[in-house]
Amino acid sequence: MILLFKMKSYRLWTRFFCTSFNRFDFNFPKNSRVFSHFSGDFEPESWKSMKGLLRCSANYVPLSPISFLERAAKVYRDRTSVIYGSVKYSWSETYERCLRLASALTDQLGISRGDVVATLAPNVPAMYELHFAVPMAGAVLCTLNARLDSNMVYVLLKHSEAKVIFVDYQLLDIARGALDCLAKTEPKLPMLVSISESEGWSPTGLTSNTYEYESLLASGHNEFEIRRPKSEWDPISINYTSGTTSRPKGVVYSHRGAYLNSLSTVFLHGIGAMPVYLWNVPMFHCNGWCLIWGLAAQGGTNICLRKVCPKDIFDSIVQYKVTNMGGAPTVLNMIADSPVCDRKPLPHKVEVMTGGAPPPPQILSKMEELGFGVSHLYGLTETYGPGTYCAWKPEWDSLLPDERLKLKTRQGVHHLGLQDVDVKDSVTEESVPADGKMIGEVMFRGNTVMSGYFKDLEATEEAFKGGWFRSGDLAVKHPDGYIEVKDRLKDIIISGGENISTIEVETVLYGHPAVLEAAVVAKPDDHWGQTPCAFVKLKEGFNVSAEDIIKFCRDHLPHYMAPRTVVFEDLPRTSTGKVQKFILREKAKAIGRLS
């Protein structure tokens, strides 16, 4: 009787305390036992309207893309997961390898929950495996741009505080140069794991702090207990924005955001079950637009290319029956302008996702002529890569080719993982009219917006000012709700009080038969303030003058928008295909000083 009374009293007091706890703000510290016991275990607001609800392990698991690999190992067990030259794995083998790697990270290298693990590698199988193994170990993946120099790798290793860095054998000198710089300021250096190309190969100069990838993986066991995220908000990766300077901006992704954007991208771009995907997009860039995880959800086959070139792209498509691939407009341009000897007839239509910069209509047209179907996505590192897509409507198929291409180059509507995307006045934060004319800043809101900038609360708060993520991109909103990016905020040219979209000028330049690549920036001008300056790379065998280019632009644009200066040279690009306009702006300034 006494025991029964005590049990009833305990239940009554527990119910009273739980109700009171949520009715009043007791302001318990978050690390207190009370807070950790009661927080999230019940939802009293729901109790007011519904009875009998219980959140528990049977109906609630934090969303994480780790689950995609676990499912793929069961559903697509014997299907091919990864192909790289003569290397081929099934989904069950990839899952086992990731378990072993996660085990080795924790047991051999001492990686703890929340530690940062960096990579410096191209699109090789190890990069694919690390995207699962690192979060399975409870750690945070930091994929560094494989084209950075030693100094920038040093800056990012220092900022990220990475405990380990996995390095492709061809990039060892760059990594070691970065570690030498780090040794001058840090008492403890990251452990280095070399990713070799062939089994049995090991780098020279191995030390106690250096390991070899396959040997490390073999030391792990496949019964490793996965360290699942305690919360969906837990970070899964850090992605440094391109053009990083001495003040790095590390964009943090959560398990929840990665899960949602993976599925959104796969679903909205029509990637069906068991696709064959050719990796042209760098896996280090926004985690391969989140498709590394998304392809596991669909049981796809990943075709890895160390180096992207038209011949290897066409050969891979024919050999492996590729169904889908991605690439920045510069990759599409490379394919469209490739020599006939490098091309092969496509076995079927290959669906291509392009993003990273607005694709010129001329390139889209050439790709379609070659048998590719191109869909357009838009986003930033801060939106997990894809944030919008140009949703195609069947009624547009009957339009004239030029009209169709113009619609296809728009950035479209928001992804499923987002709540909304809008074009707003940067100052008043009011939405611009949907008239296709008024320019405003593209702003995002939703579950696939970054958690914030690593170790930079000030920059995070500035980016989220007004309750939206401010992209820094300028766009218009059309009557059908589709957005169209006109320029970066820092790239817009103001000439004599008129706004000039560099993208519009570049689109016209791509229409010239001799132009292979083009970029437009502002050149200082004493009279107009700024004038357009075009940097142009000509196709092989063509020889035209600056005057020819200027005349062509004046025939297709208002005269004030046409370039007044044309420079013929190769365009500086980032590893993700974006033109480094800050370099071109400096060159234009130098030209202005000399003129």
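Residues numbered from 1 in each chain as written. Predicted model: local features only at pLDDT ≥ 70, side-chain atom pairs only at ≥ 80, totals over all residues. Heavy atoms only, no water.

Among the UniProt annotations of the protein, the heading Subcellular location (unreviewed entry) holds the following wording: "Cytoplasm, Cytosol". (UniProt positions renumbered as here; feature names shortened; annotations may be inferred.)

## A look at the overall build of the protein
Scanning the protein from N- to C-terminus turns up 20 helices and 26 strands. Taking all 595 residues of the protein together, the buried fraction comes to 54%. Of all intrachain contacts in the protein linking residues separated by at least 6 positions in sequence, the fraction that spans at least 24 positions is 68%. Surface exposure of the protein reaches about 28200 Å², of which carbon and sulfur atoms provide 54%. (Helix = DSSP H or I, 4+ residues; strand = E, 2+ residues; numbered from the N terminus. Buried < 20%, exposed > 50% of the residue type's maximum accessible area, 1.4 Å probe, protein only. Contact = heavy atoms within 4.5 Å. Areas by Shrake-Rupley, 256 points an atom, 1.4 Å probe, with all protein chains shown as cover.)

## Description of the packing of aromatic side chains
One pass over the full model with this rule turns up 12 aromatic pairs. Put simply, the rings of Tyr-378, Phe-444, Phe-464 and Phe-469 touch in pairs and so form one group of aromatic residues. For the cation-ring pair, Arg-55 lies above Tyr-60, with the distance from its terminal atom to the ring centre recorded as 4.4 Å. If you follow Lys-408 out to its NZ or CZ, it ends over the ring of Trp-392, 5.0 Å from the centre. (Phe/Tyr/Trp six-rings, centres within 6.5 Å; stacked < 30°, edge-to-face > 60°. Lys NZ or Arg CZ within 6 Å of the ring centre and 35° of its normal.)

## Quick notes on unusual backbone geometry
Here the phi dihedral of Cys-286 falls at roughly 50 degrees; this positive angle occurs in a residue that is not glycine. As for its placement among the helices and strands, Cys-286 is situated in helix H11 (residues 286–289). Of note, the phi angle at Glu-429 is positive, near 65 degrees, even though the residue is not glycine. With respect to the helices, strands and loops of the structure, Glu-429 is situated in the loop between strand S17 (418–424) and strand S18 (440–446).

## Quick look at the environment of Ser-231
If you trace the backbone, Ser-231 turns up in the loop between helix H9 (213–218) and strand S8 (235–240). Taking the C-alpha atoms as reference, Ser-231 lies 5.8 Å from Pro-62; in sequence the two are 169 residues apart. In terms of polar contacts, Ser-231 uses its side chain to reach the backbone amide nitrogen of Trp-233, at 3.1 Å. (Polar contact = N/O pair within 3.5 Å; in protein donor to acceptor, adjacent residues only side chain to side chain.)

## Focus on the nonpolar core
A general feature of soluble globular proteins is that nonpolar side chains tend to end up buried together. Of all hydrophobic cores here, the largest spans 111 residues; its most connected members are Leu-144, Leu-157 and Phe-166. For this core, the element with the highest residue contribution is helix H6 (residues 125–136), accounting for 8 residues. Discounting chain neighbours no more than four positions away, the residues touching Leu-157 are Ala-118, Leu-144, Ala-162, Ile-165, Ala-178, Leu-179 and Leu-182. Leu-278, Phe-314, Val-322 and Val-350 belong to the second largest nonpolar core, which has 45 residues in total. (Core = buried A, V, L, I, M, F, W, Y, C linked by side-chain atoms within 4.5 Å.)

## Re the sheet that holds strand S19 (residues 452–453)
With respect to topology, 8 strands assemble into an open sheet ordered S7-S6-S5-S3-S4-S8-S9-S19, the strand pairing being mixed. Only two strands of the sheet have a single partner each, and these edge strands are strand S7 (210–212) and S19. The sheet contact formed by strand S3 (residues 116–120) and strand S5 (residues 164–168) spans 4 bridges and is parallel. Across the sheet, Leu-120 pairs through a bridge with Val-167, a residue of S5. (Pairing = 2+ DSSP bridges.)

## Digging into the sheet that holds strand S20 (residues 469–477)
The sheet built from 4 strands is open, its strands ordered S17-S18-S20-S21 with antiparallel pairing. Taken across any chain shown, the strands that pair with only one partner, and hence form the sheet edges, are S17 and strand S21 (483–488). Within the sheet, the average angular offset between the axes of one strand and its neighbour, ignoring direction, is 45 degrees. Alignment of S18 against S20, held across 4 bridges, turns out to be antiparallel. Opposite Phe-444, over in S20, you have Phe-469 as the bridge partner. (Axes fitted to C-alpha atoms, helices over the stretch in contact; angles between N-to-C directions.)

## Section: helix H13 (residues 310–320)
If you check which residues of H13 are buried, you get Pro-310, Ile-313, Phe-314, Asp-315, Ser-316 and Ile-317. Against the buried residues of H13 lie strand S10 (276–279), strand S11 (301–304), strand S12 (324–327), helix H14 (329–336), strand S13 (350–354) and strand S14 (372–380). Among the residues trailing H13, Lys-321 stands out with phi positive, at a value near 55 degrees.

## Quick notes on the pattern of salt bridges
As enumerated under the stated definition, the model contains 28 salt bridges in all. Ionic pairing is found between Lys-311 and Asp-315, a salt bridge with its closest N-O pair at 2.9 Å. Of this pair, Lys-311 and Asp-315 both sit in helix H13, separated by 4 residues, roughly a single helical turn. On the basis of relative accessibility, which here comes to 41%, the residue Lys-311 falls in the partly exposed class. (Salt bridge = Lys/Arg side-chain N within 4 Å of Asp/Glu carboxyl O.)

## Thoughts on the confidence of the model for the protein
Residues of the protein with pLDDT of at least 70 account for 88%, and the chain-wide mean is 88. Low confidence marks residues 1–42, where pLDDT is under 50. Its contacts with residues over four positions away, or in another chain, come to 19 contacts. (pLDDT = per-residue confidence, 0-100.)

## Overview of the pairing of strand S9 (residues 250–254)
Moving residue by residue along a regular strand, the side chains alternate between the two faces of the sheet. With 5 of 5 residues buried, S9 lies mostly within the body of the structure. Alternating positions in S9 separate into two faces, Gly-250, Val-252 and Ser-254 on one and Val-251 and Tyr-253 on the other, with burial throughout. Two elements, S8 and S9, share 5 bridges in a ladder whose sense is antiparallel. Bridged to Tyr-240 within S9 is Gly-250. Pairing between S9 and S19: 2 bridges, direction antiparallel. In the sheet register, Val-252 faces S19, and the bridge partner there is Gly-452.

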